[in-house]
Structure formats: structure tokens, C-alpha cells
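An overview of the molecular structure
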Amino acid sequence: TQTTLTARPLSGRVPVGGRRNRIANSENMASWGTNSGEVSVTSGATDPLGGNTAVRVTGNSGTFRLTAPLTSGLPATTLTTTTVWARSVSGIPEFGVFAGGGSASKTITADWAEYDIPVTTGSSNLNSYQFRLLGAGKVIEFWRPQVETGSATPYQASRSSRDVTEPNVKTVQYAYFDAND
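Because the structure is a prediction, the values reported are computed rather than measured. (Residues numbered from 1 in each chain as written. Predicted model: local features only at pLDDT ≥ 70, side-chain atom pairs only at ≥ 80, totals over all residues. Heavy atoms only, no water.)

Moving on, we come to the overall build of the protein chain. Helix and strand counts for the protein chain stand at zero helices and 13 strands. Traced from its N-terminal end to its C-terminal end, the protein chain shows the element sequence β-β-β-β-β-β-β-β-β-β-β-β-β. When each of the 181 residues of the protein chain is scored for burial, the buried share is 38%. A separation threshold of at least 6 residues defines the contact pool for the protein chain, and within that pool the share at least 24 residues apart is 72%. About 8,800 Å² of surface is accessible on the protein chain, with carbon and sulfur atoms providing 49% of the total. (Helix = DSSP H or I, 4+ residues; strand = E, 2+ residues; numbered from the N terminus. Buried < 20%, exposed > 50% of the residue type's maximum accessible area, 1.4 Å probe, protein only. Contact = heavy atoms within 4.5 Å. Areas by Shrake-Rupley, 256 points an atom, 1.4 Å probe, with all protein chains shown as cover.)

Of note in the backbone geometry, Arg144 takes a positive phi value of approximately 55° without being a glycine. Tracing the backbone shows Arg144 in strand β10 (residues 139-149). One non-glycine residue, Asn168, lies in positive phi territory at about 65°. Structurally, Asn168 can be placed in the loop between β12 (163-165) and β13 (171-176).

Here we come to the nonpolar core. Counting 27 residues, the largest nonpolar core has Val57, Phe95, Tyr129, Phe131, Ile140 and Phe142 as the members making the most contacts within it. Elements that contribute at least two residues to this core include exactly β3 (54-59), β4 (63-69), β5 (79-90), β6 (94-99), β8 (113-120), β9 (128-134) and β10. (Core = buried A, V, L, I, M, F, W, Y, C linked by side-chain atoms within 4.5 Å.)

Here's what the structure looks like:
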């Protein structure tokens, strides 16, 4: 007998083969940390397929950061790869990633393109991942971000820590029990 409603198991799904995308919510970048207003994030931008699932990020300071929450910390001094679709809307911003002291960057063009950015993590602050853009007033649009250890693999959509899907890959449904169950 369950004593409280909150003690029930939660359902989850994950692609056969497991989760690779370490971002806790890759499908809702507007929910990420904006570091004291350094950026403005707007959902509903036109994505490369003509839908409205991309986000528009506008810089409000010289170097601005958007912090992605991770499902688990990254291993220290490990190769990670960020894969993201991006395009520059205003100016040609440099886009970089920062992971525990390791960093790498790319220059973004005005056309949608998929960027793979390898970076070896440092040894500190391995529980978050920062997307950094250089230049106040610069505007960039992002779609389908993924952070994983090793080399780039096909995109996994992450809606929460327990809801991950991958196109053309079967999913496994499961029950999640917390410490109260």
C-alpha cells in the first residue's frame, strides 16, 4: 500500500542502447540558465525543417553564457562533443562551449548548419555546460543541442531526465522508483 501520492513510481523512456545526450532538457533551451541576464532567450524561432522549435539567443553583454543543465557530471579530462544546429541572425558571432575548464569555439554563419565541437573537459565544475557567445547585441539561433562523451552520434531528444527519444530507434519504457518507494 502506498502511503502518499508522491511515493508512486514515475514512468520513463530511453532509446534501446541507452542515453548519450547529457543535456537534461535539450528540447527546451529557454529553460536553461542565463547567468544574470547576460542573454535573452526566445522560444519559437524557425528551425531548419521549417517548424518553430529553435530558440533565438540575444547577447546583452560582451561575453554571454547560456548554461545547459546536465543529467550527470562529465568525467574530468575526457573528450566530449557538442553537436548543435546554429545560425547567425545578427553579426557573425563566435560560438564556444565551456566544460569544466576546457573550451573550444566555432564561427557561426548566417545559414543553418550543424556544428560538431569537440572539447576535452577540464577538472572543475563538471556538472554544467556553457554555450558562450562573444559580442553584445549579437543574435544566434540554436536547434537540437547535444553533449556527449566521445565523438558525435545521431541526435537524442531529451525532454527530461527520464524522457529521451531518438528517431528510428525503439524505446524502452520503465518505472522509476525514488527513495520513498
